Amino acid sequence: MRGGNELLIPDEGYYFGIGAFETIAVEAGTPVFLEQHYERLNRALKFFELDIPMREIERKAEQCLKEPGMCEGRKVLKITVSPGNLLVASRENTYREEDYERGFCVDFSRVRRNETSPFTYHKTLNYGDCLLEKRRAKAAGIDEPVFLNMKGIISEGASTNVFFVKAGQVITPEVSCGLLPGILRGYICRVCEAEEREILPEEVRECEEMFLTNSLLGVMPVTSFGQYQFPSQKKGRELLRKYREERF
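What comes next concerns the included structure. (Residues numbered from 1 in each chain as written. Predicted model: local features only at pLDDT ≥ 70, side-chain atom pairs only at ≥ 80, totals over all residues. Heavy atoms only, no water.)

**Observations concerning the overall build of the chain**
For step 1, the next point in the chain: When its secondary structure is counted, the chain shows seven helices and 13 strands.
For step 2, the next point in the chain: Rg of the C-alpha trace for the chain: 18 Å, near the compact-globule value of 18 Å for 248 residues, within the 12% margin.
For step 3, the next point in the chain: Taking the principal axes of the C-alpha coordinates as reference, the chain spans close to 50 × 40 × 35 Å.
For step 4, the next point in the chain: About 12000 Å² of surface is accessible on the chain, with carbon and sulfur atoms providing 51% of the total.
For step 5, the next point in the chain: Considering the chain, the positive charge centre built from 35 side chains and the negative charge centre built from 39 side chains are found 3 Å apart. (Helix = DSSP H or I, 4+ residues; strand = E, 2+ residues; numbered from the N terminus. Rg over C-alpha atoms; globule rule 2.2 N^0.38 Å. Areas by Shrake-Rupley, 256 points an atom, 1.4 Å probe, with all protein chains shown as cover. Lys, Arg positive; Asp, Glu negative; His and termini not counted. Charge placed at Lys NZ, Arg CZ, Asp CG, Glu CD.)

**Some words on a nonpolar patch on the surface**
For step 1, the next point in the chain: Together, L8, Y14, Y15 and F16 make up a nonpolar patch on the protein surface, roughly 500 Å² of accessible area in all.
For step 2, the next point in the chain: Take L8: it is sitting in the segment before helix 1 (12-16). (Patch = residues over 30% accessible without salt bridge, like charges linked within 9 Å, V, L, I, M, F, W, Y side chains within 5 Å. Salt bridge = Lys/Arg side-chain N within 4 Å of Asp/Glu carboxyl O.)

**Overview of the sheet that holds strand 3 (residues 74-82)**
For step 1, the next point in the chain: Spatially, four strands are ordered 2-1-3-4 in an open sheet, and the strand pairing comes out antiparallel. Across the chains shown, the open sheet's two edge strands, defined by having one partner strand only, are strand 2 (30-31) and strand 4 (85-92).
For step 2, the next point in the chain: Bridge analysis of strand 1 (residues 20-27) against strand 3 gives eight bridges, and the strand direction is antiparallel. The partner of E27 across the bridge, within strand 3, is R74.
For step 3, the next point in the chain: Relative to strand 4, helix 3 (residues 54-65) is tilted by about 30 degrees, and along the sheet it contacts strand 1, strand 2, strand 3 and strand 4. (Pairing = 2+ DSSP bridges. Contact = heavy atoms within 4.5 Å. Axes fitted to C-alpha atoms, helices over the stretch in contact; angles between N-to-C directions.)

**A few points about the pairing of strand 4**
Regular strands have side chains that alternate between both faces of the sheet.
For step 1, the next point in the chain: As paired strands, strand 3 and strand 4 are joined by eight bridges and run antiparallel to one another. Paired with L77 across the bridge in strand 4 is S90.
For step 2, the next point in the chain: Here strand 3 folds back onto strand 4, and the loop between the two strands holds two residues.

**Considerations on helix 5 (residues 128-139)**
For step 1, the next point in the chain: Over its 12 residues, helix 5 runs 17 Å from end to end, which matches the ideal 16 Å to within 8%, given 1.5 Å per residue.
For step 2, the next point in the chain: For helix 5, every residue scored as buried is listed here: C130, E133 and A137. Projected onto a plane normal to the axis of helix 5, the buried residues spread over an arc of 75 degrees and lie on a single side. Opposite the buried face of helix 5, by more than 90 degrees, sit the exposed residues L132, R135, K138 and A139.
For step 3, the next point in the chain: If you follow the buried residues of helix 5, they end up packed against strand 5 (104-113) and strand 6 (144-149). (Expected span 1.5 Å × (residues − 1). Buried < 20%, exposed > 50% of the residue type's maximum accessible area, 1.4 Å probe, protein only. Arc of directions from axis to C-beta.)

**Some details on the environment of R241**
For step 1, the next point in the chain: Summarising the element assignment, R241 is placed in helix 7 (residues 234-246).
For step 2, the next point in the chain: For R241, a relative accessible area of 51% puts it in the exposed group.
For step 3, the next point in the chain: Separated by 48 residues in sequence, R241 and E193 place their C-alpha atoms 17 Å apart.

**Some points on the packing of aromatic side chains**
For step 1, the next point in the chain: What the rule picks out here adds up to 12 aromatic pairs.
For step 2, the next point in the chain: Taking the centre distance of 5.2 Å and the plane angle of 85 degrees together, the rings of Y14 and Y15 count as edge-to-face. By the burial criterion, Y14 is exposed, and Y15 matches it.
For step 3, the next point in the chain: Ring plane angle 90 degrees and centroid distance 5.4 Å describe the contact between F21 and Y127, whose orientation is recorded as edge-to-face. Placement of the pair is F21 in strand 1 and Y127 in the loop between strand 5 and helix 5, with a sequence separation of 106 residues.
For step 4, the next point in the chain: Take Y127: its relative accessible area is 27%, and that puts it in the partly exposed class.
For step 5, the next point in the chain: Among the aromatic residues, ring-to-ring pairing joins Y14, Y15 and F16 into one connected group.
For step 6, the next point in the chain: Sitting over the face of the ring of F147, R113 holds its NZ or CZ atom 4.1 Å from the ring centroid. (Phe/Tyr/Trp six-rings, centres within 6.5 Å; stacked < 30°, edge-to-face > 60°. Lys NZ or Arg CZ within 6 Å of the ring centre and 35° of its normal.)

Any functional reading would require information beyond the geometric quantities listed.
Below is the structure:
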């Protein structure tokens, strides 16, 4: 990862996870939904009561975007903020076209998402559950683990928001189910008027389709949820094409 060689100050971010981050897709030099990412980061800074000017964050991001190679291909801009640190770095976007061609396989995580925690609703440095569950899932041949909340209701993926298509209607868990309201989630909810509501695990087998979203992934069709094979990927692939056409 380039641009991340600043000296790290051992603060409450390092010791206790008090801090926030954003990962922003950069396509051919253009950051996607940049203003929306800044707005979400600013909300997290206010939540943590971190007095770090957004203009300073934007200045460092602009410098990183001017680095050699950032205008070529698919890149990632990562901004990390804690009480004593402001780190801006770049890397390659590792999602490849073959991932979209095959679609993702998902299954339930053994870990529950805590819908009563305020950390759930911000993109914070408290990311251990997500990281460890993604590693466990990958070892089992699963692309993305999906969390239930403490009430047993579907909330989100480890690094994604989840959408289903049931009887032709796009549905997604409402934010109060315990999830990070993703930038791409907001986009999909707008363009297809998704219904936000509680979704129970047993409803999965009643759905004809599922897809995932996040800022780096865009829209990813899902082929299976555990042993259940979805009969269609039509809506997810349609939304993926639409997003790629409109993302700038």
